[in-house]
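Spelled out, the chains give:
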Amino acid sequence: ERTGNLDIVTVALNRLADGIAPGLDLSNLPHIRSVYERCTRMSVPQRQPYSGDLVFTAFSGSHQDAIKKGMDRRKGYADHEIPWEVPYLLIDPQDIGRTYESIVRINAQSGKGGVAHVLSRDYDIELPKPMQPDLGHVVNEVADKCGRELSSKEIYDVFMDEFVRPAQPLTLERTSYEFLDSQDPARSVRCRAVVRLNGTERETEGEGNGPISAFAHGLEAQGWRDFRLTDFHEHAIGQGVDTEAMAYIQIELEDGRHFWGAGMDTNIDLAGTKALVAAYNRSRRA
């Protein structure tokens, strides 16, 4: 008492972080805070340890990236199976009634890791690491223009509008398609498609070691040889009969520039061709 008032919440949760049970029930700290503020008519500062609004929030790109990596390492484990070791988070926010949604918040100073974390956490979208800087740059520009934080839904919309469904007018559109398995020993795939290039429909046919390469070779056969595929990733979104596939493709132009595109479909082959078309259209808007 002679050295100042002791914050019992901070002391108790510091002990909890050290693995020592404090003997106090702080599992619903937001409720305790609301009672305190109502009874005292005072407000808890935003950076107050454990109970402040922003105490579990990271805006810095380097902090967000470290938190994402720490949370990713915990995936696949039950909470009791491994100790809590997430950078910049002394304890698990859920142990005191806080949520993970507020950990990473995106503004113009946020990094690629934070954006990727939000899409992974809220939409099961696992961006390839080489693609993250591109999306992070686009999201930062939008946040800077808005002059505020972006919500999870706004980040998702930026991703969809920029990488999945680029804005009109589209240079390349795929109107119909057909994939046929070849009978040769190499088990190649043949693709027949009708595409629209700058408003003119053309039939294409190509063969490759998979649907995406076959579609790309069909475009090459029509004279579009100014790009090549350089990277490809895919994963499932959701489970059961409603599972969708997300595909990511990077292309390289003749001048050395790279562009990513993404495609979503219940058919992984179609998701891949959609990603290729999106990447091609993005390259023409640059």
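I will try to describe carefully the structure that is included in this document. (Residues numbered from 1 in each chain as written. Predicted model: local features only at pLDDT ≥ 70, side-chain atom pairs only at ≥ 80, totals over all residues. Heavy atoms only, no water.)

### Some words on the environment of Leu-13
For step 1, the next point in the chain: Inspection of the secondary structure assignment puts Leu-13 in helix H1 (residues 8-17).
For step 2, the next point in the chain: Taking C-alpha positions, Leu-13 is 8.3 Å from Leu-26, a pair spaced 13 residues apart along the chain.
For step 3, the next point in the chain: Sequence-distant contacts of Leu-13, that is, excluding residues within four places in its chain, are made with Leu-26, Leu-29, Tyr-50, Ile-91 and Ile-96. (Helix = DSSP H or I, 4+ residues; strand = E, 2+ residues; numbered from the N terminus. Contact = heavy atoms within 4.5 Å.)

### Focus on the side chain of Ser-120
For step 1, the next point in the chain: In this structure, Ser-120 sits in helix H4 (residues 112-123).
For step 2, the next point in the chain: By relative accessible area, Ser-120 is classed as buried at 8%.
For step 3, the next point in the chain: When neighbours within four sequence positions are excluded, Ser-120 is seen to be in contact with Lys-75, Ile-125 and Glu-126. (Buried < 20%, exposed > 50% of the residue type's maximum accessible area, 1.4 Å probe, protein only.)

### Side note on the packing of aromatic side chains
For step 1, the next point in the chain: If you walk through the whole model with that rule in mind, you get 3 aromatic pairs.
For step 2, the next point in the chain: Pairing Tyr-123 with Tyr-156 gives two aromatic rings, centres 4.3 Å apart and planes at 20°, and the pair type is stacked. With Tyr-123 in helix H4 and Tyr-156 in helix H6 (residues 152-164), the pair connects residues that are 33 residues apart, well separated along the chain.
For step 3, the next point in the chain: Residue class for Tyr-123 comes out partly exposed when judged on its relative accessible area of 24%.
For step 4, the next point in the chain: Taking the relative accessible area as the measure of exposure, Tyr-156 reaches 17% and is therefore buried.
For step 5, the next point in the chain: Ring centres of Phe-227 and Tyr-280 lie 5.5 Å apart, and the angle between their planes is 70°; on these two criteria the pair is classed as edge-to-face. One end of the pair, Phe-227, is in strand S4 (residues 227-237); the other, Tyr-280, is in helix H8 (residues 268-285), and 53 residues separate them in sequence. Each member of the pair, Phe-227 as well as Tyr-280, is classed as buried.
For step 6, the next point in the chain: When the ring centre of Tyr-280 is taken as reference, the NZ or CZ atom of Arg-284 above it lies at 4.2 Å. (Phe/Tyr/Trp six-rings, centres within 6.5 Å; stacked < 30°, edge-to-face > 60°. Lys NZ or Arg CZ within 6 Å of the ring centre and 35° of its normal.)

### Structural notes on the pairing of strand S2 (residues 189-197)
Looking along a regular strand, one sees side chains alternate from face to face of the sheet.
For step 1, the next point in the chain: Strand direction decides the pairing type here: strand S1 (residues 172-181) and S2, joined by 9 bridges, are antiparallel. In the strand pairing of S2, Glu-178 is matched with Arg-192.
For step 2, the next point in the chain: Here S2 runs beside strand S3 (residues 200-208); their pairing, made up of 9 bridges, is antiparallel. Paired with Ala-193 across the two strands is Thr-204, which belongs to S3. (Pairing = 2+ DSSP bridges.)

### Details of the nonpolar core
For step 1, the next point in the chain: Core analysis: the biggest nonpolar cluster contains 44 residues, and Ile-125, Leu-127, Leu-135, Phe-159 and Tyr-248 have the highest contact counts within it.
For step 2, the next point in the chain: Those residues in contact with Phe-159 that sit more than four places away from it in its chain are Leu-119, Ile-125, Leu-127, Met-131, Leu-135, Val-164, Met-246, Tyr-248 and Ala-262.
For step 3, the next point in the chain: Core analysis: the second largest hydrophobic core is formed by 24 residues, Cys-191, Ala-247, Ile-251 and Ala-279 among them. (Core = buried A, V, L, I, M, F, W, Y, C linked by side-chain atoms within 4.5 Å.)

### Quick look at the sheet that holds strand S6 (residues 258-265)
For step 1, the next point in the chain: Strand order in the open sheet made by the 3 strands is S4-S5-S6, with antiparallel pairing throughout. Strands with a single pairing partner mark the edges of an open sheet, and in this sheet they are S4 and S6. Taken over all neighbouring pairs, the strand axes of this sheet differ in orientation by 20° on average, direction set aside.
For step 2, the next point in the chain: Direction of pairing for strand S5 (residues 244-253) relative to S6: antiparallel, over a ladder of 8 bridges. Following the sheet pairing, Met-246 is matched in S6 by Met-264.
For step 3, the next point in the chain: Running over the sheet, H8 touches S4, S5 and S6 and is turned about 145° from S6. (Axes fitted to C-alpha atoms, helices over the stretch in contact; angles between N-to-C directions.)

### Some details on the pattern of salt bridges
For step 1, the next point in the chain: Applying the stated criterion across every chain, the model contains 22 salt bridges.
For step 2, the next point in the chain: In this structure, Arg-33 engages Glu-37 in a salt bridge whose closest nitrogen and oxygen atoms are separated by 3.3 Å. Here Glu-37 and Arg-33 lie together in helix H2 (residues 29-40), a separation of 4 residues that amounts to about one turn.
For step 3, the next point in the chain: You can call Arg-33 buried: its relative accessible area is 16%.
For step 4, the next point in the chain: The class for Glu-37 is partly exposed, based on a relative accessible area of 23%.
For step 5, the next point in the chain: Of the charged contacts, one joins Lys-153 and Asp-157 as a salt bridge, the two residues approaching to 2.8 Å between their closest N and O atoms. A residue pair is termed a helical-turn pair when its members lie 3 or 4 positions apart in one helix, as Lys-153 and Asp-157 do in helix H6 at 4 residues.
For step 6, the next point in the chain: Under the relative-accessibility criterion, Lys-153 is labelled partly exposed at 47%.
For step 7, the next point in the chain: Taken together, the shared-partner salt bridges connect Lys-68, Asp-72, Lys-75 and Glu-126 into one network. (Salt bridge = Lys/Arg side-chain N within 4 Å of Asp/Glu carboxyl O.)

### Considering the sheet that holds S2
For step 1, the next point in the chain: The 3 strands lie next to each other as S1-S2-S3, forming an open sheet whose pairing is antiparallel. In the strand order of this sheet, the two ends are held by S1 and S3, each with one partner. Across the sheet, the axes of successive neighbouring strands diverge by a mean angle of 15°, strand direction being ignored.
For step 2, the next point in the chain: Sheet strands in contact with helix H7 (residues 211-221) are S1, S2 and S3, and its direction is about 130° off that of S3.
For step 3, the next point in the chain: Most of the contacts of H8 go to S1, to which it runs at about 145°, and overall it touches S1 and S2.

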